[in-house]
There are 2 protein chains.
Amino acid sequence: MEKRIYNFSAGPAILPEEVLLEAQKDLFALPGVGMSILEISHRSKTYDAIHAEAKEGLKKLLDIPDDYQILFLQGGASLQFSMVPLNLMPPKNKADYISTGSWSKKAIKEAKRVGTVNVAATTEEGEGDKKFFKRIPKQSELKLDADAAYVHFTSNNTIFGTQFHTEPEVGNVPLICDASSDILHKKIDVRKYGMIYAGAQKNMGPAGITLVIIRKDLLERSQDSLHTMLNYKTHAENDSLYNTPTTFAIYIIMLVTRWLLKNGGLNKMYEINKHKADLLYKCIDESNGFYKGHAEKDSRSLMNITFNLATPELEKKLIDEATKAGFNGLKGHRSVGGLRASIYNAFPTKGVEDLVAFMKDFQRKNG
Amino acid sequence: MEKRIYNFSAGPAILPEEVLLEAQKDLFALPGVGMSILEISHRSKTYDAIHAEAKEGLKKLLDIPDDYQILFLQGGASLQFSMVPLNLMPPKNKADYISTGSWSKKAIKEAKRVGTVNVAATTEEGEGDKKFFKRIPKQSELKLDADAAYVHFTSNNTIFGTQFHTEPEVGNVPLICDASSDILHKKIDVRKYGMIYAGAQKNMGPAGITLVIIRKDLLERSQDSLHTMLNYKTHAENDSLYNTPTTFAIYIIMLVTRWLLKNGGLNKMYEINKHKADLLYKCIDESNGFYKGHAEKDSRSLMNITFNLATPELEKKLIDEATKAGFNGLKGHRSVGGLRASIYNAFPTKGVEDLVAFMKDFQRKNG
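Thoughts on the domain arrangement of chain A
Residue and element names in this part refer to chain A.
Next up, step 1: Domains assigned within chain A are domain 1 (21-262) and domain 2 (265-366).
Next up, step 2: On a C-alpha basis, the centroid separation for the pair domain 1 and domain 2 is 27 Å.
Next up, step 3: With 27 residues of domain 1 at the contact, the number on the domain 2 side is 25 residues.
Next up, step 4: A combined buried area of about 2,200 Å² lies between domain 1 and domain 2, and 56% of that area is made up of carbon and sulfur atoms.
Next up, step 5: Its largest share of buried area at the contact with domain 2, domain 1 owes to Lys134, Ile159 and His185, together 23% of the area lost on that side.
Next up, step 6: Mapped by element, the contributors of at least two residues to the side of domain 1 that touches domain 2 are helix H2 (45-62), strand E6 (132-133), strand E8 (156-157), strand E9 (162-163) and helix H6 (247-262).

Dropping the structure here:
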């Protein structure tokens, strides 16, 4: 069996080894079917069962109520940046956006093509090319419009390593969340949301599929004048099978939900995620400033741990030595620099422990 | 190794066994990389090489000239039904569409949301619920507008089993083709086209990726007011990496192009495809009316062979017995009924020979 390394990539990201082995075993032909999952019709009984189990698994894991519908779409969260305002902003044509990073800003850019965007809060700092985010706004900072079509926020910011630990309170206005980088990392109360969307490729599966969980009454906002593929109603009425979905990615999501259910569900996953993040943040905080965490402490992400060293040269040295030692994908996003360890659900605790040992050793030699 | 059956599914459809075995071998970890193709970053060097080889393979197979750009998008041909008019219809806001089946009609429906559609020809027959197509229009039937933004056609009609054997002649107006179900089945002269698009899941790879081959000068038509993800320019300027593409599907396309190049390229593939289709059409034509081909002879598809028997009961009997004998996916589309054998590039000649033998035997017993 091919040797595997520790994959700290921000996304596409690590998947559970059990899931990979299961997918590998059956890739040539599904047992009793005689065809690969890559080849079967999306209208076949075999695929129907996979599609249904993927939805059922998500429903169980997140306790999704019956008045919400689960959709599997294409185009990533980036297409949702457009589909959300196109479908849900009318007829009011105004919405609140909380800006906490690059993804929020991209969502805002597309929403402005549809209607009026009220930036309810932004935590951006710095000037010109040096702009950055390092925290989540407090509830008291939010300037919300009670008449907005919805409030949009990004639950976790991969680039800056910040995360909402509780949902913003928005009264009766539907709350819409881009949860691409922390979906399924803990149990959330779906009832607090009008809609949740998430690209699969961080915590759920491979790239090429986007999960949408939408409260059914919001589907009534979608107008018939929308292009068919951009209308949530098309996909809701056809159980995401209006056209051929990314069948293989949905199959992997099904396997991931099985793995999560077998391993104690999302409460257990949260406990593990918290433990993993604590190990790394502790290493940073106890380094006497050798490692400097980027995010403010109460805004720290459990998924993406961002930190810097004293100089870019020292950062490069650490990345190079870590890569040689089998720790891959630690280079920070170009807009922050430094290092970023992405430790999604599938990332093993052992890998975090090994990285911490490596970082301590590096500090001893270079501190 | 799990036993495989003959898969006549119209799409997602059969892939070469060599490709499946290669993908299976490396699914747990790519050799020397230590991570699965499902997990690696789309910004990594490993993925860069895969992305580049997939494009290079297509370029070689189709002799794609340098003034064309290859894009990998999401959303299937169905999203292209909207993206084509949104990007390419302005500023004239009128285009010609040739209607030869259900997919053409869907393309027309979306184009009408953007501007004026001139149906240059339609070969639809019948009334009400009984409407159908059985042929490709002759060049003399086309009522083309020399001032149209483009002419759109569907090269192969999976549902009705008809296919253009030469491109419509459209003068200087850009020709745009939905080639989802026959791309790569033979060499075509790309210079005749302004743009070719194709969902991968019939002749190229798994579901979840759409190939777009566009002449670069046409990119200038895309207006900045378009939503970012719906603008061809976004994807062209970012080499299809503006957001995370369906990396695994592009990897499979790369393996499929390798397989095609190794096996003699598209001229050889066309020879084999013609031989396979001839075997089946001969069986139909020599059955003294026991099997009745749906499409008119000069419009027959090499990819999807559609035919009927005397009664729906007899058709059901054939499908049931064929399924038991290991021939899967032969049921015709609900809008035509009867049977359909989809025999794309990856479908083995042996499977067609076995089906012909089976059909002759069935005729002997039931004729």
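On we go from here.
Let's talk about the pairing of strand E12 (residues 210-215) of chain B
All names here are of chain B.
Next up, step 1: Burial of E12 is extensive: five of the six residues sit out of reach of the surface.
Next up, step 2: Relative to E12, strand E11 (residues 195-199) is paired through five bridges, and the arrangement is antiparallel. Looking at E12, one finds that Gly199 is bridged to Thr210.

Some remarks on the packing of helix H1 (residues 17-25) of chain A against H6 of chain A
Residues and elements named next belong to chain A.
Next up, step 1: Across the interface, H1 lies against H6 with an axial gap of 9 Å and an inter-helix angle of 135°. It follows that H1 is oblique to H6 by the angle criterion. Crossing geometry of H1 relative to H6 is assigned as right-handed. Of the residues in H6, those touching H1 at Glu18, Val19, Glu22 and Ala23 are Tyr251, Ile252, Leu255, Val256, Arg258, Trp259 and Lys262.
Next up, step 2: Residues that form the contact of H1 with H6 fall into these classes: seven nonpolar, no polar and four charged.

Points about the packing of aromatic side chains
Residues and elements named next belong to chain B.
Next up, step 1: If you walk through the whole model with that rule in mind, you get 29 aromatic pairs over all chains.
Next up, step 2: With a centroid separation of 6.0 Å and 40° between ring planes, the pair formed by Tyr6 and Phe347 is classed as tilted. Here Phe347 lies in the loop between strand E16 (339-342) and helix H9 (349-366) and Tyr6 lies in strand E1 (residues 6-7), a separation of 341 residues in the sequence.
Next up, step 3: Relative accessible area serves as the criterion here: at 1%, Phe347 is assigned to the buried category.
Next up, step 4: Relative to Tyr197, the ring of Phe81 has its centre 6.4 Å away and its plane inclined at 75°; by these criteria the two rings are edge-to-face. Remark: Tyr197 occurs in strand E11 and Phe81 occurs in helix H3 (residues 76-88); sequence separation between them is 116 residues.

Quick look at the packing of H2 of chain A against H6 of chain A
All names here are of chain A.
Next up, step 1: Between H2 and H6, the least distance of the axes is 8 Å, while the angle of their chain directions is 45°. Between H2 and H6, the crossing angle belongs to the class labelled oblique. H2 and H6 meet at a crossing whose hand is left-handed. Mapping the contact onto sequence places Tyr47, Ile50, His51, Glu53, Ala54, Gly57, Leu58, Lys60 and Leu61 in H2 and Thr247, Ile250, Tyr251, Ile253, Met254, Thr257, Arg258, Leu260 and Leu261 in H6.
Next up, step 2: Considering only residue class, the contact of H2 with H6 consists of eleven nonpolar, four polar and three charged.

Digging into the interface of chain B and chain A
Next up, step 1: Contacts between the two partners involve 66 residues from chain B and, on the opposite side, 66 residues from chain A.
Next up, step 2: Summing both sides of the interface, chain B and chain A together bury roughly 5,200 Å²; the carbon and sulfur share of this comes to 58%.
Next up, step 3: Applying the counting rule to chain B against chain A returns two salt bridges.
Next up, step 4: The salt bridge partner of Arg4 of chain A is Glu39 of chain B, with a shortest N-O separation of 2.8 Å.
Next up, step 5: The tally of links from chain B across to chain A stands at 33 residue pairs in polar contact (both at pLDDT 80 or more).
Next up, step 6: Residue assignment for the side of chain B that touches chain A shows that the elements contributing at least two residues are helix H1 (17-25), H3, helix H4 (102-111) and helix H6 (247-262) of chain B.
Next up, step 7: The dominant element in the side of chain B that touches chain A, judged by the number of residues it contributes, is H1 of chain B, at six residues.

Remarks on the nonpolar core
The nonpolar side chains of a soluble globular protein tend to be buried, and buried together.
Next up, step 1: One finds Tyr251 and Ile252 of chain A together with Tyr251 and Ile252 of chain B to be the most contacted residues of the largest nonpolar core, which totals 126 residues.
Next up, step 2: Beyond its immediate sequence surroundings of up to four residues, Ile252 of chain A is in contact with Leu15, Val19, Ala23, Met204, Gly205 and Pro206 of chain A together with Leu38 of chain B.
Next up, step 3: Counting residues in each nonpolar core, the second largest holds 62 residues, with Leu79 and Tyr150 of chain A together with Leu86 and Ala149 of chain B among its members.

Here we look at the sheet that holds strand E14 (residues 304-308) of chain B
Residue and element names in this part refer to chain B.
Next up, step 1: The strand order across the open sheet formed by three strands is E13-E14-E16, and the pairing between neighbours is antiparallel. With partners counted over all chains shown, the strands left at the sheet margins are strand E13 (292-293) and E16, one partner each.
Next up, step 2: Two strands pair when backbone bridges link them, and E13 and E14 are joined in this way by two bridges, in the antiparallel orientation. Each residue of the ladder has a partner; that of Lys292, found in E14, is Asn308.

Considering the pattern of salt bridges
All names here are of chain B.
Next up, step 1: Under the defined criterion, the tally for this structure stands at 56 salt bridges over all chains.
Next up, step 2: Across the pair Glu110 and Arg113 runs a salt bridge, and its minimum N-O distance is 2.9 Å.
Next up, step 3: Assessed through its relative accessible area of 29%, Arg113 is described here as partly exposed.
Next up, step 4: Between Asp285 and Arg300 there is a salt bridge whose closest N-O contact spans 2.8 Å. On the criterion of sequence distance, the pair formed by Asp285 in helix H7 (residues 265-285) and Arg300 in the loop between E13 and E14 is long-range, its members being 15 residues apart.

What about H1 of chain B?
Every α-helix winds through 3.6 residues per turn, so residues three or four apart in the chain are directed the same way.
Next up, step 1: Residues of H1 of chain B that are buried include every one of Val19, Leu20, Ala23 and Gln24 of chain B, and no others. Down the axis of H1 of chain B, the sector holding all buried residues measures 130°, keeping them to one side.
Next up, step 2: Where H1 of chain B is buried, its residues touch H1 of chain A together with H6 of chain B.

A short note on the relation of the copies chain B and chain A
Next up, step 1: Each copy of the sequence occupies a distinct position, and chain B is placed on chain A by a rotation of 180° and an axial shift of 0.0 Å, giving an RMSD of 0.0 Å. In symmetry terms, the pair is related by a two-fold rotation axis.

Scoring rules and cut-offs
- Residues numbered from 1 in each chain as written.
- Chains lettered and ligands numbered in written order.
- Predicted model: local features only at pLDDT ≥ 70, side-chain atom pairs only at ≥ 80, totals over all residues.
- Heavy atoms only, no water.
- Domains from an automatic or database assignment.
- Contact = heavy atoms within 4.5 Å.
- Buried area = accessible area lost by both parts, 1.4 Å probe.
- Helix = DSSP H or I, 4+ residues; strand = E, 2+ residues; numbered from the N terminus.
- Buried < 20%, exposed > 50% of the residue type's maximum accessible area, 1.4 Å probe, protein only.
- Pairing = 2+ DSSP bridges.
- Axes fitted to C-alpha atoms, helices over the stretch in contact; angles between N-to-C directions.
- Parallel < 35°, antiparallel > 145°, perpendicular 65-115°, else oblique.
- Left-handed = near helix turned anticlockwise from the far one by under 90°.
- Nonpolar A, V, L, I, M, F, W, Y, C, P; charged D, E, K, R; others polar.
- Phe/Tyr/Trp six-rings, centres within 6.5 Å; stacked < 30°, edge-to-face > 60°.
- Salt bridge = Lys/Arg side-chain N within 4 Å of Asp/Glu carboxyl O.
- Polar contact = N/O pair within 3.5 Å; in protein donor to acceptor, adjacent residues only side chain to side chain.
- Core = buried A, V, L, I, M, F, W, Y, C linked by side-chain atoms within 4.5 Å.
- Arc of directions from axis to C-beta.
- Least-squares fit on C-alpha atoms with pLDDT ≥ 70 in both.

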